[in-house]
Each structure stands twice: as C-alpha cells, then as structure tokens.
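Listed below, chain by chain, are the residues.
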Amino acid sequence: MSFPKKGKFFPKDNGYTGNGRHEPNNWFAAEIASTLKRSLGDSRAGAKIVASWTGANEKTVKNWFAGRYGPSGEHLVALARHSDEVLGVFLAMAGREELMVAVKLVAAEQAIEELLAAVRRLTVDDETDDSEAPPDAADFTVRQ
C-alpha cells in the first residue's frame, strides 16, 4: 500500500475512507444512539427491549446503540411508537419541535384525567365509609 501523492497521512477527520470516497457525517445514527442510551441505558437489557419493540436483530440494535448505523424507516417508526424520547429527537431533527409540545399536552391531559378519576374514587370510598358508621369523638381528634 502506498501513501497518496498529496501527503503522508490519510485524512480521517473529514470522513475520507481511503478509496477515494468520503463517508457522510453520521449525525442521525449518533443522535439516535445517544437517545437510546439516555432512555434505556447502555446495557444488554436495553438492546433486548429495543429488539422486541422493533423486531430487529439484536446485533443490529447494538449497532444502533453504538452509533454505527441508524434504524431504517420502519424501525424508526416502531421506536417512536414506544419511546417519547426517540419521537422528540426525531421531531427535533426534522425541525418540528413544536409538534412535541402537542404530544406533551396530550400526555398531560391524560395524566390529569387519571388523577381526577383517582380522586373521584377516593371521595366515593370516603362517602361509603362515612355512611356506614357514624363518627365518634375519637375519630375527630385523630383526623384533626
């Protein structure tokens, strides 16, 4: 193997592959990798979870975690279906961060509805308990 005529070193910083081609900057794979690591941790269990979500081979998923490759379109859809973090990063990469606000608003509305349902169940339970037995003086001192 001989060195290129223009210098002694192969320029690795700019993506030169050595065969006259330049590799594209793999920012997509790096963003997905950091998001997966942040949300699931950099462990074998995280890779297994993502593999079950997407149906992809576990070795493929490990490459996603390492940032070597990014998921294909159908795998990205499956990831976004199961992970709000991946959905948020995808929308940010697409320049559509405002849509994430709508997703968070829907999640907040659902949480509020669940909380209201729980409060209503508690008040119904308290009313049935109070109607069964009249409170005595000891109950008032403990509750106050």
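Residues numbered from 1 in each chain as written. Predicted model: local features only at pLDDT ≥ 70, side-chain atom pairs only at ≥ 80, totals over all residues. Heavy atoms only, no water.

The protein is annotated in an unreviewed UniProt entry as XRE family transcriptional regulator from Aureimonas populi.

1. Here we look at the overall build of the protein
Secondary structure summary: the protein contains seven helices and zero strands in total. In sequence order, the secondary structure elements of the protein are arranged as α-α-α-α-α-α-α. Out of the 144 residues in the protein, the part that is buried amounts to 19%. (Helix = DSSP H or I, 4+ residues; strand = E, 2+ residues; numbered from the N terminus. Buried < 20%, exposed > 50% of the residue type's maximum accessible area, 1.4 Å probe, protein only.)

2. A word on the side chain of Asn63
Structurally, Asn63 can be placed in helix α3 (residues 58-66). Among the residues examined, Asn63 registers a relative accessible area of 13% and is labelled buried.

3. Some words on helix α2 (residues 44-54)
Along α2, the residues that are buried comprise Gly46, Ala47, Val50, Ala51 and Thr54. Around the axis of α2, the buried residues are gathered within 135° of arc, so they sit on the same side. Exposed side of α2, more than 90 degrees from the buried face: Arg44 and Ser52 are the residues found there. Residue Gly55 follows α2 closely and has a positive phi angle near 80°. (Arc of directions from axis to C-beta.)

4. Notes on the pattern of salt bridges
All told, the structure shown has four salt bridges when counted by the stated rule. The partner of Glu58 in a salt bridge is Lys62, with the nearest N and O atoms 3.9 Å apart. You can see Glu58 and its partner Lys62 sitting in helix α3, four residues apart, about one turn around the helix. Measuring nitrogen to oxygen at the nearest pair gives 3.2 Å for the salt bridge that ties Arg96 to Glu98. (Salt bridge = Lys/Arg side-chain N within 4 Å of Asp/Glu carboxyl O.)

5. Description of the environment of Pro71
Along the chain, Pro71 turns up in the loop between α3 and α4 (73-82). Looking at Pro71, the relative accessible area reads 6%, which means it is buried. In this structure, the C-alpha to C-alpha distance between Pro71 and Ala33, residues 38 residues apart in sequence, is 9.8 Å.

6. Quick look at the nonpolar core
Among the nonpolar cores identified, the biggest contains 12 residues, and these are Ile32, Leu36, Ala47, Val50, Ala51, Ala56, Val61, Trp64, Phe65, Leu76, Leu79 and Val86. Where this core is concerned, the elements lending two or more residues are α1 (27-40), α2, α3 and α4. Contact partners of Leu79, with chain neighbours within four places excluded, come to Leu36, Val50, Trp53, Thr54, Trp64, Pro71 and Val86. (Core = buried A, V, L, I, M, F, W, Y, C linked by side-chain atoms within 4.5 Å. Contact = heavy atoms within 4.5 Å.)

7. Notes on the packing of α1 against α3
One can describe the packing of α1 onto α3 by two numbers: an axis separation of 6 Å at closest approach and a directional angle of 100°. Between α1 and α3, the interaxial angle falls into the category roughly perpendicular. Residue-level contacts link Ala29, Ala33, Leu36, Lys37 and Leu40 of α1 to Trp64, Phe65 and Ala66 of α3. Its residues assigned to classes, the contact of α1 with α3 shows seven nonpolar, no polar and one charged. (Axes fitted to C-alpha atoms, helices over the stretch in contact; angles between N-to-C directions. Parallel < 35°, antiparallel > 145°, perpendicular 65-115°, else oblique. Nonpolar A, V, L, I, M, F, W, Y, C, P; charged D, E, K, R; others polar.)

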